[in-house]
Amino acid sequence: MGMVGGGEGAFIGAVHRMAAALDGKIELVCGAFSRDFANSLATGKAIGLAENRCYPDIATMFECEAEVAETGQGRSDAMEVLSIVTPNDTHVPMAMAAADAGIHIMSDKPAGVSLEEVEELAAKLESSGIQYGLTHTYLGYPMVWQARHLAAQPSFGPIRKVLVNYTQGWLAGETENSGSKQAAWRVDPEKSGPAGALGDIGSHAHSLAEFICHSRMARLSARLRSHYPTRPLDDDGEISFSMENGATGQLISSQICTGDENDLSIRVYGEHASLEWRQLEPNSLIERRASGESIIHRAGVDKPLSEQALNLCRLPSGHPEGYVEAFANLYRSFARAIREGAMPSTLGVPGIAEALRGMAFLEAAIASNVANGAWHDIKVPSVGPDLKGLLA
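The following paragraphs examine the structure supplied in this document. (Residues numbered from 1 in each chain as written. Predicted model: local features only at pLDDT ≥ 70, side-chain atom pairs only at ≥ 80, totals over all residues. Heavy atoms only, no water.)

1. Re the packing of helix 9 (residues 197-213) against helix 12 (residues 352-370)
Now for step 1: Taken N-terminus to C-terminus, the directions of helix 9 and helix 12 make an angle of 120°; their axes are 10 Å apart at the nearest point. Overall, the two elements helix 9 and helix 12 adopt an arrangement that is oblique. Regarding helix 9 and helix 12, the two cross each other, and that crossing is right-handed. Along its contact with helix 9, which presents Leu-198, Gly-199, Gly-202, His-206 and Glu-210, the element helix 12 presents Arg-357, Gly-358, Phe-361, Leu-362 and Ala-365. (Axes fitted to C-alpha atoms, helices over the stretch in contact; angles between N-to-C directions. Helix = DSSP H or I, 4+ residues; strand = E, 2+ residues; numbered from the N terminus. Parallel < 35°, antiparallel > 145°, perpendicular 65-115°, else oblique. Left-handed = near helix turned anticlockwise from the far one by under 90°. Contact = heavy atoms within 4.5 Å.)

This is the structure we're talking about:
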């Protein structure tokens, strides 16, 4: 694996590196970790890379790694997959360049800054043999898969209501003006795209709801706002939505909830039962039945869980697994998809179809907000025949 972004001073790049390495299926061999070449070299040195595998930019990395692949240079470790951990505006251009170079792609979310550019990426990827994964990390948690399994059972009944919230407090003040690079680019439309908190964390809430409910969001009404006049992108908002399966729901996406950390939670209500899961307590899933019975499902290889959930557990119950392990589950499955030539989504990794649906959701929400919360249909993205079925 090669990496672009994630140099010293960044957060998510180090998490990607830990996650990719956890199962020994992926080896980081090179990177262009920063626009500042000194930073890129320092980052590579700190994680044990050879200096000549640390590059000043992505174009140089592709060129030099192609030479490694051609000549061998006594090694069989030329880059096969690119991990993209840069601001949103570069996701699609870098993914396009990787596809042109014959390199598989693991991209941070959201997939891009517009549905149109992600549709162009999808067209390039279709039938190319290039695999594409999107790191919606929370879909790597075992109990999210257990929730998906239970929500599909006849005993749960038709899904009626979905409440999904992702709240943080780190932008409750004007953090972008205090030297925080992470905050500065996230509130900059040139780098983040037209969505602020909604693209950063609301996209996770959207993907979680669709995944557990086995259904696509179809329509929405959104109200987004910024609590500071100098902050051009939303830091807070709520969305009412309806799903193709008939369920209705609410999605809250906010980064100004003082004191909140990464409080992603979801409640799904069926005719006969309901489910509740929180990312801050990820190893527990609460099922409540109309009879009054409550069941707490717990993660662990020794627990009676669905096959999909068990496949994502690593340890016996009582040994907590969390964010890095969930991230690692995505990387492990992505490595398997590459080796087997399978679509990542068939192995539990969000792929280009999820990327397209996520961008369609963001664009509909922004349009609804501009229209003072008017209801908007969420567009079914334009794709070729190979992807049609994946968008359902």
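2. Here's the deal with the packing of aromatic side chains
The description of an aromatic ring pair rests on the distance of the ring centres and on the angle between the ring planes.
Now for step 1: For the structure shown, the criterion picks out seven aromatic pairs.
Now for step 2: Taken together, a centroid distance of 5.8 Å and an interplanar angle of 80° make the contact between Tyr-138 and Tyr-166 edge-to-face. Residue Tyr-138 is found in the loop between strand 5 (132-134) and helix 6 (142-151), and its partner Tyr-166 is found in strand 6 (residues 159-167); the two are separated by 28 residues along the sequence. Here Tyr-138 matches Tyr-166 in class, with each residue buried.
Now for step 3: Taking the centre distance of 4.8 Å and the plane angle of 75° together, the rings of Trp-145 and Phe-211 count as edge-to-face. Taken together, the positions of Trp-145 in helix 6 and Phe-211 in helix 9 put the pair 66 residues apart, joining distant regions of the chain. In this pair, the class of Trp-145 matches that of Phe-211, namely buried.
Now for step 4: Members of the aromatic cluster, joined through ring pairs, are Tyr-138, Tyr-141, Tyr-166, Trp-277, Tyr-323, Phe-327 and Tyr-331.
Now for step 5: Stacked on the ring of Phe-211, the Lys or Arg Arg-148 has its end atom at 4.5 Å from the ring centre. (Phe/Tyr/Trp six-rings, centres within 6.5 Å; stacked < 30°, edge-to-face > 60°. Buried < 20%, exposed > 50% of the residue type's maximum accessible area, 1.4 Å probe, protein only. Lys NZ or Arg CZ within 6 Å of the ring centre and 35° of its normal.)

3. Concerning the pairing of strand 3 (residues 81-85)
Now for step 1: Burial runs high along strand 3: five of the five residues are buried.
Now for step 2: Where burial is concerned, the two faces of strand 3 agree: the one with Val-81, Ser-83 and Val-85 and the one with Leu-82 and Ile-84 are both buried.
Now for step 3: Summarising the sheet, strand 1 (residues 2-5) and strand 3 pair through four bridges and their orientation is parallel. Residue pairing across strands places Val-4 opposite Ile-84, the latter belonging to strand 3. (Pairing = 2+ DSSP bridges.)

4. Some thoughts on the sheet that holds strand 4 (residues 104-107)
Now for step 1: Taken in spatial order, the five strands of this open sheet run 2-1-3-4-5, and their pairing is parallel. On the outer flanks of this sheet lie strand 2 (30-32) and strand 5, each paired with one strand and no other. On average, each strand axis in the sheet is inclined to that of its neighbour by 15°, with strand direction left out of account.
Now for step 2: The pairing of strand 4 with strand 5 spans three bridges and is parallel. If you follow Met-106 over to strand 5, its bridge partner there is Gly-133.
Now for step 3: Its contacts with the sheet place helix 3 (residues 58-71) against strand 1, strand 2 and strand 3, and it is angled at close to 155° to strand 2.

5. Some details on the side chain of Asp-200
Now for step 1: Note on placement: Asp-200 falls in helix 9.
Now for step 2: Classification of Asp-200 as buried rests on a relative accessible area of 14%.
Now for step 3: There is a polar contact of 2.9 Å between the side chain of Asp-200 and the side chain of Gln-255.
Now for step 4: When near neighbours in sequence (up to four residues on either side) are disregarded, Asp-200 contacts Lys-109, Trp-170, Arg-186 and Gln-255. (Polar contact = N/O pair within 3.5 Å; in protein donor to acceptor, adjacent residues only side chain to side chain.)

6. A few points about the sheet that holds strand 8 (residues 236-243)
Now for step 1: On the basis of which strands lie adjacent, the open sheet formed by nine strands has the order 13-12-11-10-6-9-8-7-14 and mixed pairing. On the outer flanks of this sheet lie strand 13 (294-298) and strand 14 (376-377), each paired with one strand and no other.
Now for step 2: Against the sheet, helix 9 contacts strand 6, strand 7 (217-225), strand 8, strand 9 (248-254), strand 10 (263-270) and strand 11 (273-278), and its axis sits at roughly 150° relative to strand 6.

7. Overview of the pattern of salt bridges
Now for step 1: Taken as a whole and assessed by the stated rule, the structure comprises 21 salt bridges.
Now for step 2: Across the pair Arg-278 and Asp-263 runs a salt bridge, and its minimum N-O distance is 2.8 Å. Within this pair, whereas Arg-278 is found in strand 11, its partner Asp-263 is found in strand 10, the two being separated by 15 residues in sequence.
Now for step 3: Taking the relative accessible area as the measure of exposure, Arg-278 reaches 34% and is therefore partly exposed.
Now for step 4: For Asp-263, a relative accessible area of 16% puts it in the buried group.
Now for step 5: Among the charged side chains, a salt-bridge network with shared partners connects Asp-23, Arg-314 and Arg-332. (Salt bridge = Lys/Arg side-chain N within 4 Å of Asp/Glu carboxyl O.)

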